Amino acid sequence: MGIAVNTVPEIQFEGVEMKYSTANAEVLALQQISMDIAQGEFVSLLGPSGCGKTTLLRLMADLIQPTAGEVKVAGKSAREARQAQKYGIVFQSPVLYEWRKVKSNITLPLELMGVKKNLREEKAARLLELVGLKGFEDKYPWQLSGGMQQRVAIARALAMEPEILLMDEPFSALDEFTRERLNEELLAIWSEVKNTVVFVTHSIPESIFLSDRVFVLSPHPGRLSAVVDIPLPRPRTPEMRGSAEFFELIARIRGSFEGV
Ligand SMILES: Nc1ncnc2c1ncn2[C@@H]1O[C@H](COP(=O)(O)OP(=O)(O)OP(=O)(O)O)[C@@H](O)[C@H]1O
């Protein structure tokens, strides 16, 4: 008999189907999705436009409910997880409040939860440091670059110390250089926060650089076509992007699309 370990997955999909009903048609966005994500894992959902990545993320966050199958978070329903505020979400565009300075954008969720001012200030200082925005607390969002705005959004999503961070193409609107730097920064943040991250992207290199595992989705209807382990050691470094192993992984993932 082995020693009992906690093997309950952090996020579990069992035979999940998502059908959207529109006025004159039904769209089968996802079909037969079954997958497990472990606590503390960094995974990417990768696939072309329309394969259901955002739908999967919305199901995880209980923003929508599946038309068949089940989504569980730490063995409980996604609804309970949402009510227990286990999620932090970062969207493609930063959704900041233009009339609030950087610091009060970050502390907004804490304010809404009634956290006292001195605790809010303490936390904001730590988060600003974590995302590399120390010194910018009193700027307004429009005074920041796109990359900096997205860092504010990440800090705000982390304010409630979410067990699960859901990120929907957070860097896709940024230039390649900024995007790669933010990838590195995100991993540095994650190594401190140590939560579970689900990252949506249609960039193969981005998914490889960041993840422990890449879930490859194919469209019409959206389904899981491969799960690829990324054995690159951590911490990941910019040089790894040019390594033979990295290119092999790119080829492998490309191949998994062609097989569909
Ligand atoms: N609210 C909705 N009503 C009807 N159909 C929808 C709705 N949301 C998404 N769909 C359809 O479901 C499918 C999956 O959409 P989804 O946005 O999840 O894909 P995606 O992979 O995130 O795409 P992208 O990379 O372009 O954001 C698409 O065919 C889309 O048109």
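Residues numbered from 1 in each chain as written. Predicted model: local features only at pLDDT ≥ 70, side-chain atom pairs only at ≥ 80, totals over all residues.

The name given to the protein chain in an unreviewed UniProt entry is Sulfonate ABC transporter ATP-binding protein, with the source organism recorded as Paenibacillus yonginensis.

Moving on to the domain arrangement of the protein chain. What the domain assignment lists for the protein chain is domain 1 (11-86 + 162-258) and domain 2 (95-161). The C-alpha-based centres of domain 1 and domain 2 are spaced at 25 Å. Across the contact, 13 residues belong to domain 1 and ten residues belong to domain 2. When residues of the side of domain 1 that touches domain 2 are assigned to their parent elements, the largest contribution, six residues, is made by helix α7 (residues 176-193). Here the residues of the side of domain 1 that touches domain 2 sort into nine nonpolar, two polar and two charged. (Domains from an automatic or database assignment. Contact = placed C-beta atoms within 7 Å. Helix = DSSP H or I, 4+ residues; strand = E, 2+ residues; numbered from the N terminus. Nonpolar A, V, L, I, M, F, W, Y, C, P; charged D, E, K, R; others polar.)

Moving on, we come to the pairing of strand β4 (residues 68-73). Bridge analysis of strand β1 (residues 11-21) against β4 gives five bridges, and the strand direction is antiparallel. Across the sheet, residue I11 finds its bridge partner in β4, namely V73. Bridging between β4 and strand β5 (residues 76-77) involves two bridges; their strand directions are antiparallel. When the sheet's bridge partners are listed, K72 is paired in β5 with S77. (Pairing = 2+ DSSP bridges.)

So, about the environment of P9. Mapped onto the elements, P9 comes out in the segment before β1. We classify P9 as partly exposed; it has 17 C-beta atoms within 10 Å. In the structure, P9 is positioned 65 residues away from A74 in sequence and 5.9 Å away in space, judged by C-alpha atoms. Every residue in contact with P9, bar those within four places of it in the chain, is listed here: D36, I37 and A38. (Buried ≥ 20, exposed ≤ 12 C-beta atoms within 10 Å, placed from the backbone.)

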